[in-house]
Amino acid sequence: MSKHVVLLTNAHEAPAAPLTDVLRGAGVAAFVEGIREPEALAPVAVAEAAAGVEEEAAPLAVLYEVVPGAEMRELYSVIEHAGAVWPGVPLVACRRPKDVPGALSLRQLDAPALKRLGFRAIADEPAQLPALLRELEDRGGMTGELRAPESAQDIWLPGASFLPEKISRSDLRAAFELVASLHFTNDQTSAANAALAGLAQIIEADRWTIYLTSDASGNVETSLEPLAVRGLTAAERSIPEQDWQRALLGNALALSGSESRAARDAVTRTITLRKVEGGRRFVAVPLVSNERVMGVLEGVREGVREGGSARRGFTKANVRLLDALAVPIAYALGNALRIAEAERLSQTDDLTKLHNARYLRQYLLGEVRRARRYNSSVAVLFFDLDDFKLVNDVHGHLVGSHVLMEMATIILSSVRDTDVVARYGGDEFVVVLPESNVEQAAFVAERVRRMIERNHFSGGRGLRLKLTASFGVATFPGHAQSPQQLVANADAAMYEAKAAGKNCVRFAAAPPSRQPASQMDPVSKWG
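Residues numbered from 1 in each chain as written. Predicted model: local features only at pLDDT ≥ 70, side-chain atom pairs only at ≥ 80, totals over all residues. Heavy atoms only, no water.

(A) Up close: the overall build of the chain. Across its full length, the chain holds 16 helices and 15 strands. Looking at the chain as a whole, 47% of its 527 residues qualify as buried. As presented, the chain carries roughly 25900 Å² of accessible surface, and 51% of it is formed by carbon and sulfur atoms. (Helix = DSSP H or I, 4+ residues; strand = E, 2+ residues; numbered from the N terminus. Buried < 20%, exposed > 50% of the residue type's maximum accessible area, 1.4 Å probe, protein only. Areas by Shrake-Rupley, 256 points an atom, 1.4 Å probe, with all protein chains shown as cover.)

(B) Region of the structure containing the sheet that holds strand β14 (residues 469–476). Taking strand neighbours across the sheet as the criterion, the 5 strands line up as β12-β13-β11-β14-β15 in an open arrangement whose pairing is mixed. The strands lining the two open edges of the sheet, one partner per strand, are β12 (420–425) and β15 (505–507). Direction aside, neighbouring strands of the sheet carry axes that sit 25 degrees apart on average. Sheet topology places strand β11 (residues 378–385) next to strand β13 (residues 428–434); 7 bridges connect them, and they run antiparallel. Residue pairing in the sheet places A379 in a bridge with L433 of β13. (Pairing = 2+ DSSP bridges. Axes fitted to C-alpha atoms, helices over the stretch in contact; angles between N-to-C directions.)

(C) Up close: a positive patch on the surface. Judged by side-chain charge, K166, R274, K316 and R320 come together as a positively charged surface patch. Residue placement: K316 occurs in helix α11 (residues 316–346). Overall, K316 belongs to the exposed group, its relative accessible area being 60%. (Patch = residues over 30% accessible without salt bridge, like charges linked within 9 Å, V, L, I, M, F, W, Y side chains within 5 Å. Salt bridge = Lys/Arg side-chain N within 4 Å of Asp/Glu carboxyl O. Lys, Arg positive; Asp, Glu negative; His and termini not counted. Charge placed at Lys NZ, Arg CZ, Asp CG, Glu CD.)

(D) Inspection of helix α15 (residues 438–454) at higher detail. Spanning 17 residues, α15 covers 24 Å between terminal C-alpha atoms, matching the ideal 24 Å at 1.5 Å per step. Buried within α15 are the following residues: A441, V444, A445, V448, R449 and I452. On an axial view of α15, the arc spanned by its buried residues comes to 135 degrees, and they lie on one face. Opposite the buried face of α15, by more than 90 degrees, sit the exposed residues E439, F443 and R454. (Expected span 1.5 Å × (residues − 1). Arc of directions from axis to C-beta.)

(E) Fine view of the pairing of strand β3 (residues 62–66). Taken across its 5 residues, β3 has 5 buried, putting it largely inside the fold. Side chains V62, Y64 and V66 of β3 all project onto a buried face; the interleaved residues L63 and E65 project onto the opposite face, where all are buried too. Relative to β3, strand β1 (residues 4–9) runs parallel, the two sharing 3 bridges. Residue pairing across strands places L7 opposite L63, the latter belonging to β3. Of the pairings in the sheet, the one linking β3 to strand β4 (residues 91–95) comprises 5 bridges and is parallel in character. The residue bridging E65 from the neighbouring strand is C94, located in β4.

(F) Structural context of the nonpolar core. Among the nonpolar cores identified, the biggest contains 36 residues, and L199, W208, I210, L297, L325, I329 and L333 are the most heavily contacted of them. Broken down by secondary-structure element, the contributors of at least two residues to this core are α6 (169–182), α7 (188–202), β6 (207–213), β7 (224–230), β9 (280–289), β10 (292–301) and α11. A total of 9 residues in this core trace back to one element, the largest contributor, which is α11. Discounting chain neighbours no more than four positions away, the residues touching L297 are L196, L199, W208, T209, I210, V283, A284, V285, L287 and L322. (Core = buried A, V, L, I, M, F, W, Y, C linked by side-chain atoms within 4.5 Å. Contact = heavy atoms within 4.5 Å.)

Okay, here's the thing in structure tokens:
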């Protein structure tokens, strides 16, 4: 069997032609393999991985073309895939040539960072590959310069292979525990607190703080908001505990606006900085995920110990370890942000940006439970636009869609901030009024009805369309005993308003008799 390599690719990037041309010219066969999902990974024979290669013929290397701006999540997947499918085979990174469209203007990881991440060797250009592959073959896949850390070679966690080669066993264990703990977090606050708890076990500091940027551009005007804090300096501990700001906001938010100059500069310049400010020693590490500066990790030490002796600043070894750990910390923060955004989008109507029916079910379930617990009430307004089909038929669906967006603005301006507005479907809307009885709900329904009746809708084309709506009102516990009954009864009352001539408000009928508690619809069964 001739010499061959496995060329890993992902779903959205094909190998650049110069890479395959160089391998072909050197007489090295390249077998293309797609990166599998983590749950599909399993050690397989090389014959399966390379589509026809004999089982005993191991590839010279597994190659992966690192494109500018490559996401850390993607690189982690590459390492996990290569280690599971081709254990012991060197993983080689080859940078995408600069003349390939899109390769300029994007930041690239340097060679030391790629090696710490887990790549055995790096070819800056495809032309370097033949010589590099010969060296790997001659030395059994290893070079003295490219050894993986012996104490971590049998362990892999995303971000852990970024750790410096010279690290004590105790620090290595603590670093792995830190990285592992990040995998059990799903929001930014818990991820930040887990990171700081781990850091406090590795590097001594009076205070560790993670700040988030309010602006992804990284310009000088970017403000920093504290997300999590662990520990306090002597000056901060001297603030009276009855201080109202700390009592209301907690330690993290009470530090708002007190970040160091080093922290601000680290965000602006995207580099790790060590500075002395006001007699205190700071280290600031930018947290970068997917080309975005998520925030900054700040450590501070008092310049003088309690006994009066001078205190050392953060060392170069501290900085190397912080640079390494900043990678998984930033990734965890970015991933938590993506999870939160996905959750928000799943509960938001695409057109009107109001809540959708999914969010309504979850929210109303909680409100009914709360009302039952505290013996209070909650009201629901269910309303439908009258003859809205005519708008679509006469003016088109684009105008109709714009009218619904205008309708959302009118509704929001007519209710309280504590009320929840949802688009139920089509031209149907629902408003939930917590802590409201039937008289209060009737007042709000009439106010919204008048606002709609008096408004001229432009439809995005300068039109002056007049619309009305029919309303149904129901309350818990007066008209319903469960969330689904509440919406259903308000819906039924809305149809009564339609039958009564439209553009009016009608109320759900009170139940003829109160059912025994054992026969009530249980709240927990709804949604």
